[in-house]
Amino acid sequence: MFLLACVTPEPEPTPPSACNGSEALCDLPFDQVVLPGTHNSMSNEADDFSLPNQPTSLTDQYDDGIRALLLDTYEWEGDLWLCHGYCELGALPLVDALTDLADFLRTHPGEVMAIIFEDYITGEQTEGAFDNAGLTGLTYTWDGGSWPTLGEMVAADTRLFVTAESGGPPPDWYQPAWELYRDTPYDYASVAEMDCASNRGTSDSPLFLLNHWAEDPFPDPDLAAEANSYDVLEARVNACADVFGQLPNIVAVDWYTEGDLFAVIDAVQER
């Protein structure tokens with residue numbers, strides 16, 4: 001006589017009820033969402049970069065709510081790295097950093113993120129790093145039509161939008177940044193110099209990157225605290241939204257823990 005064991009099936013995962021922490025954002029198309037971002041995201045104090053732009057590691061940035069990354073890729077000593085100018089002054093292995101990002105996205109299935117690469121490696125090298133990190137399947141490719149809502153990106157599990165300043169397809173998800181983004185200048189030495197001039201991209205570029213940092217001549221948390229203060233940052237986001245005819249899709253700052261980045265993003269998203 002044989003007894004049949006009852007096997008309880010694994011429960012289906014519950015779809016996230018919020019996108020980037022908000023139910024309302026699930027209904028917004030990607031090109032209407034404002035993502036808090038970091039400039040030179042990899043260049044951080046926690047990982048011992050010289051003259052860092054950020055205080056914390058990439059994974060801590062994700063945990064704190066950063067959803068857009070400005071990253072620089074290099075080939076150095078026969079391997080691929082995230083560096084800023086000179087890898088001797090600070091470097092993170094590219095595949096390791098991308099693996100950490102893949103882990104974060106898989107354990108946070110309601111989060112949508114964007115990367116803009118200042119790329120000094122090829123698209124083929126980048127594709128290999130994404131494949132090795134298990135990140136390729138999470139990428140989203142825009143086909144030139146209407147933008148998906150964040151909820152649709154979450155449902156399809158294509159939650160990472162990737163562009164490159166110099167490179168482009170292939171692979172198809174490695175898209176040319178300045179065809180898709182317009183941006184403001186980024187070489188301000190003081191907050192008083194910040195304006196809403198158009199820099200890269202064209203009037204046909206559907207997305208908008210607001211570069212919001214000042215360096216005199218290097219990144220400084222006190223300068224960032226002034227730039228990221230609520231009154232300064234909210235005023236510039238709104239002023240530049242009027243000039244560009246849309247809210248910025250990425251607001252990128254230095255020393256994101258200084259000031260009021262997240263509070264401003266929440267406020268202007270309801271504009």
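All of these numbers come straight from a predicted model, not from anything done at the bench.

What counts as what
- Residues numbered from 1 in each chain as written.
- Predicted model: local features only at pLDDT ≥ 70, side-chain atom pairs only at ≥ 80, totals over all residues.
- Heavy atoms only, no water.
- Helix = DSSP H or I, 4+ residues; strand = E, 2+ residues; numbered from the N terminus.
- Buried < 20%, exposed > 50% of the residue type's maximum accessible area, 1.4 Å probe, protein only.
- Core = buried A, V, L, I, M, F, W, Y, C linked by side-chain atoms within 4.5 Å.
- Contact = heavy atoms within 4.5 Å.
- Axes fitted to C-alpha atoms, helices over the stretch in contact; angles between N-to-C directions.
- Parallel < 35°, antiparallel > 145°, perpendicular 65-115°, else oblique.
- Left-handed = near helix turned anticlockwise from the far one by under 90°.
- Nonpolar A, V, L, I, M, F, W, Y, C, P; charged D, E, K, R; others polar.
- Disulfide = S-S within 2.5 Å.
- 1 Å grid on protein atoms, 1.4 Å probe; cavity = no way out; pocket = protein on both sides within 12 Å on 5 of 7 lines; lining within 4 Å.
- Points joined across faces, edges and corners; volume = space filled by probe spheres on them.
- Arc of directions from axis to C-beta.

Please provide a residue-by-residue account of unusual backbone geometry, values included.
A cis geometry characterises the amide bond from Pro170 onward to Pro171, with omega recorded as -5°. Its place among the elements puts Pro171 in the loop between β7 (160-164) and β8 (175-176). Cis geometry marks the peptide bond from Asp216 to Pro217, where omega comes out at -10°. Within the secondary structure, Pro217 sits in the loop between β10 (207-212) and α6 (221-227). Of note in this structure, Glu77 is not a glycine but carries a positive phi near 50°. Position of Glu77 relative to the elements: it lies in the loop between β2 (68-76) and β3 (79-83). Given a relative accessible area of 67%, Glu77 falls into the exposed group. For Trp255, which is not a glycine, the phi torsion comes out positive at approximately 45°. By the element assignment, Trp255 lies in the loop between β11 (250-253) and α8 (261-269). Note on Trp255: relative accessible area 9%, which makes it buried.

Now, about the nonpolar core: what can you tell me, with residues and values included?
For soluble globular proteins, nonpolar side chains are generally found buried alongside one another. Core analysis: the biggest nonpolar cluster contains 48 residues, and Leu135, Leu160 and Val251 have the highest contact counts within it. The greatest single-element share of this core, amounting to 7 residues, is contributed by helix α2 (residues 94-107). Excluding anything up to four places from it in sequence, Leu160 contacts Leu101, Leu105, Met113, Ala114, Ile115, Phe130, Leu135, Leu138, Thr139 and Tyr140. Cys19, Cys26, Ile116 and Trp213 belong to the second largest nonpolar core, which has 27 residues in total.

Pulling in residues and values, what's your account of the packing of helix α7 (residues 230-244) against α8?
Following both chains from N to C, one finds α7 and α8 inclined at 40°, their axes separated by 9 Å at the closest point. Classed by the angle they form, the pair α7 and α8 counts as oblique. Handedness of the crossing formed by α7 with α8: right-handed. Between α7 and α8, the contacting residues are Tyr230, Leu233, Glu234, Val237 and Asn238 on the first element and Leu261, Ala263, Val264, Ala267 and Val268 on the second. When its residues are assigned to classes, the contact of α7 with α8 shows 8 nonpolar, 1 polar and 1 charged.

Describe in detail the state of the cysteines, supporting the description with residues and values.
One pass over the structure, following the stated rule, counts 3 disulfides. Paired by a disulfide, Cys19 and Cys26 hold their sulfur atoms 2.1 Å apart. Its torsion about the S-S bond being 105°, the disulfide of Cys19 and Cys26 is classed as right-handed. The pair formed by Cys19 and Cys26 is uniform in burial state, with each residue classed as buried. The disulfide partner of Cys83 is Cys87, and the S-S distance across this bridge is 2.0 Å. Residues Cys83 and Cys87 are joined through a disulfide that is right-handed, its torsion about the S-S bond being 100°.

Help me get a handle on empty space enclosed by the protein, residues and values and all.
On inspection of all chains with the given rule, the structure shows 1 cavity of 30 Å³ or more. Here the largest cavity is characterised by a volume of approximately 30 Å³. If you go around the largest cavity, the residues you meet are Phe30, Val33, Leu35, Tyr181, Asn249 and Ile250. Of the residues that constitute the lining of the largest cavity, the class distribution is 5 nonpolar, 1 polar and no charged.

Could you give me a rundown of α8, with the residues and numbers involved?
Every buried residue belonging to α8 is among Leu261, Val264, Ile265, Val268 and Gln269, and all of these are buried. Relative to the axis of α8, the buried residues are bounded by an arc of 125° and lie together on one face. Where α8 is buried, its residues contact β1 (35-38), α7 and β11.

Can you tell me about the layout of surface pockets, naming the residues and giving the values?
Estimated volume of the largest pocket: approximately 500 Å³. Lining the largest pocket we find 31 residues, and of these His39, Asn40, Asp72, His84 and Glu118 sit closest to its centre. Counting only elements with at least two residues in the lining of the largest pocket, the list comes to β2, β5 (113-119) and β10. The element best represented in the lining of the largest pocket is β2, accounting for 4 residues. A per-class count over the lining of the largest pocket returns 16 nonpolar, 9 polar and 6 charged. Of the voids in this model, the second largest pocket is the one considered here, and its volume is about 310 Å³. Lining of the second largest pocket is provided by 18 residues; of these, Asn20, Leu25, Val34, Ile265 and Asp266 occupy positions nearest its centre. Every element with two or more residues in the lining of the second largest pocket is listed here: β1 and α8. The class makeup of the residues in the lining of the second largest pocket is 9 nonpolar, 5 polar and 4 charged.

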